[in-house]
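Spelled out from the first residue to the last, the chains are:
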Amino acid sequence: MRLRDATIWFVCGVAAISLFVIAGRQLDSINSSREQMKLISNKPLENAPPSLAFATVAMGAFRGLVVDVLWLRADKLKNEGQFFDARQLAEWITVLQPRFASVWEFQAWNMAYNISSAIPETQPEERWRWVRNGYELLRDKGIPLNPNNIQLYRELSRIFQHKLGSVSDNVHKYYKLRLATAMEPLLGPADSEYFKALAEAPADWRQIAGDSNIAPLITALKSADRAFANDEHFVDNYLSLRQTPARFNPDAFKVIDSFRGTKSLEKFDIFAKACQLRNVWKLDPVLMQELNNTYGPVEPEDPNKHLPLDWRHPETHAIYWAVKGLRMAGKKEFSIEEARTDRFVGFGLQNLFYGGKIFIWNRPAENKQDSYTHESLELSREIFLRPDLRMFEPCNRQRLKVLQKYSDNEQHAGTYETMQNGHRNMLKNAVLLFYQAGHIQHAQKIYNQLRELYPREEFKPPLA
C-alpha cells in the first residue's frame, strides 16, 4: 500500500473514532433531554407478570414489539367480553408507549362503556365510577402526555356528550345528577361577574396565603381544626367545610361565620373554587369565561349579550374539551379529526338548545333522620332537562361559521354537505319549538332563513 493511501486510511480512521467518541459523549445529554420532554418512558410496570417485566427491560428498543403482542391480546380479550383483563393490558401499553393515542382512547372507551354497562342497573353508583374513570383517564393522564393530540380531546368530548349527555344508558339521569351535584358548589351565582372573578383569581397558594387581608382567615382555620394544618389539602378541606360542616370541629365553622360578609372570605372563596376547577376538573376559568361570552345563551331582546353557560350540564363540558382540542391541535391542513371535533361543538350547542335547562327536584324526606349520601342520590333527587330557546342564536351562529369554514375547498365537499343537512334539520326543529312556545315572530324569522338557505319544495308553504 502506498504511503498516500495509508495516510488517508489513518486519517479517516482517526476521524471516525473521534466522531464516535464525540457522539458518545452527547448521548447522555440527548437522553436527558428526551426524558425532560417526555419523549421516552422508562417507568417500570406495576403488578405485571415477571415474564412481561423481564421482557420490557431486556428487549429495550424492541418494546414496540411487546406492545404489538399486548395490543393483539387486549383486542382478543375485548372481543371475548373479558373487559377487566383487557383493561389491565391496556394500562401496561400506556406505560410502555404513553404517546400511543389509540390505546388511551381504547382504555377510556372500555371503562366508560364496556365495563360500566357490564354492571347491573341496580348499582348506578358503581356504573358511574367506571364512567368517571374513563373520562378522568383521558383528562388527567392521556391528554397531559399528548397535549396536542386532537383525537384524545374529541374522545373526551364524546364521553361527556354521548355517555353522560344522551339517553343511551338506562341510568343516564344518575350520571347527569352526579355531574350537576359535583359542579354546583363551584359555580356560585350564574352571572358574568362571577366567572370574571374566577378567571382573575390567583392560581398560586403562596400568592393568596401572602395576602394580608386573607392571612387571618387562614390562620384562624388552622387554629380551629388540625385538618387545615396541611397547606396541600387546605382548599379541599375548606370546600368540604362549606358543604358538610359536621365533618369538622365546630370551631372551624364558627370561623366562617365570623368572616361572613367580608371581602376576605369572598376573595378566598373565589380562589378555592377556581383552584378546584383548575386542579380537579382541569377547567381553565379563563377559557370558561371566553366560552360563556361566545356561546352563552342570549335573550331575544339583546342577542349580543351572552349569559353564562350552565357548567352543570355535560354538553357544556363536551363543548369545552372540543374547543380546547381544536386550539391545542393548531391550524393544520384539513383532517377528518378536526371536522369531527367541530361537529362536537355544534352538537353540544344544539343539545343545549334542545335540552339545556336543568331542573333538579328534591323529593321530600320521609323522616328527619334521612341524610344525603351518594348511594341515596337517585332516590332523593331527580333531574329533568327542558329546551332552552336562548341557545338558538349561539348554536345557529356557530353552525353558519363552521359551514363557511368547510365551504371553500372541494376537499371538504362531503363534510360540507353533511353539515348542511344537520343545520337544515336544526332550523326545522327550531321553527317548531319557537312556534309551540308562542314566539310566532321569531319562528317566522327562522323559517325565512330556512327558506333562503335551503330553497326546497317543503319550505314553500307559509308558516301559518
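Just so we're clear, the structure is a prediction, and the values are computed from it rather than from any experiment.

1. Thoughts on the packing of aromatic side chains
Step number 1: Applying the stated criterion to the full structure yields 20 aromatic pairs.
Step number 2: Centroid distance Phe106 to Trp109: 6.2 Å. Interplanar angle 45°. Geometry classified as tilted. On the criterion of helical spacing, the pair formed by Phe106 and Trp109 is a turn pair, its members being 3 residues apart in helix H5 (residues 101-118).
Step number 3: Here Phe106 falls in the buried class, since its relative accessible area comes to 11%.
Step number 4: Chaining the aromatic ring pairs together yields one cluster made of Trp205, Phe228, Phe234, Tyr238, Phe248, Phe268 and Phe271.
Step number 5: Cation over ring: Arg424 sits above Tyr454, and NZ or CZ is 5.9 Å from the ring centre.

2. So, the pattern of salt bridges
Step number 1: In total, this model carries 32 salt bridges according to the counting rule given.
Step number 2: The partner of Arg127 in a salt bridge is Asp169, and the shortest N-O contact between them spans 2.8 Å. Within this pair, whereas Arg127 is found in helix H6 (residues 124-145), its partner Asp169 is found in the loop between helix H7 (150-164) and helix H8 (172-187), the two being separated by 42 residues in sequence.
Step number 3: Put simply, Arg242 and Asp269 hold a salt bridge, and the shortest N to O gap is 3.3 Å. Here Arg242 is found in helix H12 (residues 234-243), whereas its partner Asp269 is found in helix H14 (residues 263-279), with 27 residues between them in sequence.
Step number 4: Classification of Arg242 by relative accessible area gives partly exposed; the value is 27%.
Step number 5: Judged by relative accessible area, Asp269 falls into the buried class, the value being 14%.

3. Notes on helix H4 (residues 83-96)
Residues lying three or four places apart along an α-helix face the same way, a consequence of the helix completing one turn every 3.6 residues.
Step number 1: With 14 residues, H4 ought to run about 20 Å at 1.5 Å a step, and its terminal C-alpha atoms sit 20 Å apart, in line with that.
Step number 2: Taken as a whole, H4 has its buried residues at Phe83, Ala86, Leu89, Ala90, Trp92, Ile93, Thr94 and Leu96.

4. A word on the packing of H8 against H14
The axes of two packed helices give the description: the angle between them and the distance between them.
Step number 1: Between H8 and H14, the shortest axis-to-axis distance is 9 Å and the interhelical angle comes to 140°. Accordingly, the angle class assigned to the pair H8 and H14 is oblique. Contacts between H8 and H14 involve Met183, Pro185 and Leu186 from the first element and Lys273, Gln276 and Leu277 from the second.
Step number 2: Its residues assigned to classes, the contact of H8 with H14 shows 4 nonpolar, 1 polar and 1 charged.

5. Overview of the confidence of the model for the chain
Any region with low pLDDT has predicted coordinates that should not be read closely.
Step number 1: Mean pLDDT for the chain: 86, with 87% of residues reaching 70 or above.
Step number 2: Considering only residues more than four positions removed or in separate chains, one finds that residues 368-372, a stretch of pLDDT under 50, has 4 contacts.

6. Some words on H5
Step number 1: Over its 18 residues, H5 runs 25 Å from end to end, which matches the ideal 26 Å to within 8%, given 1.5 Å per residue.
Step number 2: The buried fraction of H5 amounts to 14 of the 18 residues, a majority that puts the element mostly inside the structure.

7. Points about the environment of Gly81
Step number 1: Residue placement: Gly81 occurs in the loop between helix H3 (63-79) and H4.
Step number 2: When its relative accessible area of 37% is taken as the criterion, Gly81 is described as partly exposed.
Step number 3: Residues Gly81 and Ile115, spaced 34 residues apart in sequence, show a C-alpha to C-alpha distance of 9.3 Å.

Cut-offs applied
- Residues numbered from 1 in each chain as written.
- Predicted model: local features only at pLDDT ≥ 70, side-chain atom pairs only at ≥ 80, totals over all residues.
- Heavy atoms only, no water.
- Phe/Tyr/Trp six-rings, centres within 6.5 Å; stacked < 30°, edge-to-face > 60°.
- Helix = DSSP H or I, 4+ residues; strand = E, 2+ residues; numbered from the N terminus.
- Buried < 20%, exposed > 50% of the residue type's maximum accessible area, 1.4 Å probe, protein only.
- Lys NZ or Arg CZ within 6 Å of the ring centre and 35° of its normal.
- Salt bridge = Lys/Arg side-chain N within 4 Å of Asp/Glu carboxyl O.
- Expected span 1.5 Å × (residues − 1).
- Axes fitted to C-alpha atoms, helices over the stretch in contact; angles between N-to-C directions.
- Parallel < 35°, antiparallel > 145°, perpendicular 65-115°, else oblique.
- Contact = heavy atoms within 4.5 Å.
- Nonpolar A, V, L, I, M, F, W, Y, C, P; charged D, E, K, R; others polar.
- pLDDT = per-residue confidence, 0-100.

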